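# What the coordinates show
What follows is each chain in one-letter form.
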Amino acid sequence: MPRGKSRSKSPVPKSKKKATAVGGDGGSLSSSDLPSAGYLLTCDPPTTQFVKHLNETKRVGKKFIIEELDATHLLIKGNAREEVLSKVEEWMDANVFTNVERVGENLDTS
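In short, a report on the structure. Keep in mind it's a predicted model, so treat the numbers as computed, not measured.

## So, the side chain of Asn55
Secondary-structure assignment places Asn55 in helix H1 (residues 45-56). The exposure class of Asn55 is buried, given its relative accessible area of 10%. Here Ile65 takes part through its backbone nitrogen, which lies 3.2 Å from a polar atom of the side chain of Asn55. Sequence-distant contacts of Asn55, that is, excluding residues within four places in its chain, are made with Lys63, Phe64 and Ile65.

Now the structure itself:
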């Protein structure tokens, strides 16, 4: 073998190879099968339930939850981030209650 040449060459240059991942069943997944980029939403369980409710009210093509990871983490589509955050903020503002003095305290009965 002449000097300066490598012993083996890959038939496809590294930059041209398609990214793959192994699925849970041992099968190969192409990069087009992988989920698109999204945002990890971390919140308490009641807020998670509200976000899931928002998702369920959407049409099939407009749903934004990619995956429910656990009771406090959701992976949502990137293009729905602002909408979800604004809806959650509206919901939280509507459900915040101020501390009111107890009835009967400091009442002037004269």
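## Structural notes on the sheet that holds strand S3 (residues 38-42)
With respect to topology, 3 strands assemble into an open sheet ordered S3-S5-S4, the strand pairing being antiparallel. Bordering the open sheet on either side are S3 and strand S4 (65-70), each of which pairs with just one other strand. With strand direction ignored, the average angle separating the axes of adjacent strands in the sheet is 20°. Two strands pair when backbone bridges link them, and S3 and strand S5 (residues 73-77) are joined in this way by 5 bridges, in the antiparallel orientation. By the bridge assignment for S5, Gly38 is matched with Lys77. Across the sheet, H1 lies against S3, S4 and S5, angled at about 155° from S4, the strand it touches most.

## Focus: the pattern of salt bridges
What the rule picks out here adds up to 3 salt bridges. Its salt-bridge partner being Lys52, residue Glu68 comes within 3.2 Å of it at the nearest N-O pair. One end of the pair, Glu68, is in strand S4; the other, Lys52, is in helix H1, with 16 residues separating them in the sequence. Look at Lys52 and you get buried, because its relative accessible area is 18%. Its salt-bridge partner being Glu82, residue Arg81 comes within 3.0 Å of it at the nearest N-O pair. Note on Arg81: relative accessible area 32%, which makes it partly exposed. Since its relative accessible area comes to 53%, Glu82 is described here as exposed.

## Quick word on the side chain of Lys52
Only 3.2 Å separates the side chain of Lys52 from the side chain of Glu68, close enough to count as a polar contact. With sequence-adjacent residues up to four places away left out, Lys52 is seen in contact with Ile65, Glu68 and Leu74.

Criteria and cut-off values
Residues numbered from 1 in each chain as written. Predicted model: local features only at pLDDT ≥ 70, side-chain atom pairs only at ≥ 80, totals over all residues. Heavy atoms only, no water. Helix = DSSP H or I, 4+ residues; strand = E, 2+ residues; numbered from the N terminus. Buried < 20%, exposed > 50% of the residue type's maximum accessible area, 1.4 Å probe, protein only. Polar contact = N/O pair within 3.5 Å; in protein donor to acceptor, adjacent residues only side chain to side chain. Contact = heavy atoms within 4.5 Å. Pairing = 2+ DSSP bridges. Axes fitted to C-alpha atoms, helices over the stretch in contact; angles between N-to-C directions. Salt bridge = Lys/Arg side-chain N within 4 Å of Asp/Glu carboxyl O.

In short, geometric facts, not functional conclusions.
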